[in-house]
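Analysis of the macromolecular model
Okay, here's what each chain looks like letter by letter:
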Amino acid sequence: MKKILVFICVLSILSCAELQSVADKVLDENTQISESQIATALKQALQNGIDHQVTKLTSEDGFYKNEMVKILLPEELQKVDNTLRKVGLGNLADEGLKLMNRATEDAVNEATPIFVNAVKQMTFQDAKNILMGNDQAATQYLQQKTEDELYQKFYPQVEQSLGKVGADQIWSTAINKYNTLPLTEDVEPNLTEYVTQQALEGVFTMIAVEEAKIRNDFNSRTTDLLKKVFALQD
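Residues numbered from 1 in each chain as written. Predicted model: local features only at pLDDT ≥ 70, side-chain atom pairs only at ≥ 80, totals over all residues. Heavy atoms only, no water.

So, on to the overall build of the protein. Assigned secondary structure in the protein consists of 10 helices and 0 strands. Start at the N end of the protein and walk to the C end: the helices and strands fall as α-α-α-α-α-α-α-α-α-α. Across the 234 residues of the protein, 43% fall into the buried class. Of the contacts formed within the protein by residues at least 6 apart in sequence, a portion of 82% connects residues at least 24 apart. (Helix = DSSP H or I, 4+ residues; strand = E, 2+ residues; numbered from the N terminus. Buried < 20%, exposed > 50% of the residue type's maximum accessible area, 1.4 Å probe, protein only. Contact = heavy atoms within 4.5 Å.)

What follows is the structure, encoded as structure tokens:
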């Protein structure tokens, strides 16, 4: 019985090694594509995500009218929203939601230089892992490399943007009105923290959209190099 188990374990290890060997062989034997071309193509793919999708988020209604990333109210503010509507203050709640998304659109401008720097630092090994990885491997690489720095940049920018567009004042007024109503429990949500996290999720969601297009739609491979390199993973 022990011999059988040992045999199965060895077979499993050899199978994993063989799969990696096949992936390496596909890249190594294709003499028409160099390591630098593969890295360049993956950088182009990520740059497309930044140019085509992240930039859209910085425009007016980039978040607010995009159902994939529109920032909805946190649970605490949903109670505020529902109660305000019942007492005829629905317009105040609507304006607060819109301005919360406006603040995010303003803050996302901080993302582009951080992404560009991460793309520049990509190695060939990074590129090979992304190319032969899952449908969101490039997005996951970018998230791993940038999320901490983005959070540090986004938080103060979101805080500033909430003030700039007037969202902080709107929600301060709305929450104060809610807290003075009878039979309600006072709420004090951290709006900046919530919006910062939602902004980060929205950015990576849209980069993943662009990556999926490039991986799965030949027409989205906008350069000859993208077509050539991504043909390896088709």
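Now that the structure has been shown, we can carry on.
The biggest cluster of nonpolar side chains holds 64 residues, and the ones touching the most others in it are Leu-42, Met-100 and Phe-115. With 10 residues, helix H9 (residues 191–216) is the largest single contributor of residues to this core. Those residues in contact with Met-100 that sit more than four places away from it in its chain are Ile-71, Leu-72, Leu-73, Leu-162, Ala-167, Trp-171, Leu-191, Tyr-194 and Val-195. (Core = buried A, V, L, I, M, F, W, Y, C linked by side-chain atoms within 4.5 Å.)

Taking 1.5 Å per residue as the helical rise, helix H4 (residues 90–107) with its 18 residues ought to reach 26 Å, and the 26 Å between its terminal C-alpha atoms agrees with that figure. Most of H4 is tucked away, with 14 of its 18 residues classed as buried. (Expected span 1.5 Å × (residues − 1).)

What characterises a pair of aromatic rings is the spacing of the ring centres plus the angle enclosed by the ring planes. In the structure shown here, the tally under the stated rule is 2 aromatic pairs. Between Phe-115 and Phe-204, the aromatic rings sit 5.9 Å apart at their centres with planes inclined by 70°, giving edge-to-face as the arrangement. Residue Phe-115 is located in helix H5 (residues 111–120), and its partner Phe-204 is located in helix H9; the two are separated by 89 residues in the primary sequence. Since its relative accessible area comes to 0%, Phe-115 is described here as buried. Considering the side-chain rings of Tyr-151 and Tyr-155, the 6.0 Å spacing of their centres and the 40° angle between planes classify their relative orientation as tilted. Taken as a pair, Tyr-151 and Tyr-155 lie in helix H7 (residues 137–164) at a separation of 4 residues, close to a single helical turn. Assessed through its relative accessible area of 25%, Tyr-155 is described here as partly exposed. It is Lys-70 that lies over the ring of Tyr-64; its NZ or CZ is 4.7 Å from the centre. (Phe/Tyr/Trp six-rings, centres within 6.5 Å; stacked < 30°, edge-to-face > 60°. Lys NZ or Arg CZ within 6 Å of the ring centre and 35° of its normal.)

A few words now on a negative patch on the surface. Taken together, the side chains of Glu-75, Glu-76, Glu-185, Asp-186 and Glu-188 present a region of like negative charge at the surface. Note that Glu-75 resides in helix H3 (residues 75–86). (Patch = residues over 30% accessible without salt bridge, like charges linked within 9 Å, V, L, I, M, F, W, Y side chains within 5 Å. Areas by Shrake-Rupley, 256 points an atom, 1.4 Å probe, with all protein chains shown as cover. Salt bridge = Lys/Arg side-chain N within 4 Å of Asp/Glu carboxyl O. Lys, Arg positive; Asp, Glu negative; His and termini not counted. Charge placed at Lys NZ, Arg CZ, Asp CG, Glu CD.)

Here we come to the packing of H5 against H7. It is at 10 Å that the axes of H5 and H7 come closest, and there the two elements cross at 145°. Between H5 and H7 lies a crossing of right-handed hand. Touching Ala-111, Ile-114, Phe-115, Ala-118 and Val-119 of H5 are Tyr-141, Leu-142, Lys-145, Thr-146, Glu-149, Leu-150, Lys-153 and Phe-154, all from H7. By residue class, the composition of the contact of H5 with H7 is 9 nonpolar, 1 polar and 3 charged. (Axes fitted to C-alpha atoms, helices over the stretch in contact; angles between N-to-C directions. Left-handed = near helix turned anticlockwise from the far one by under 90°. Nonpolar A, V, L, I, M, F, W, Y, C, P; charged D, E, K, R; others polar.)

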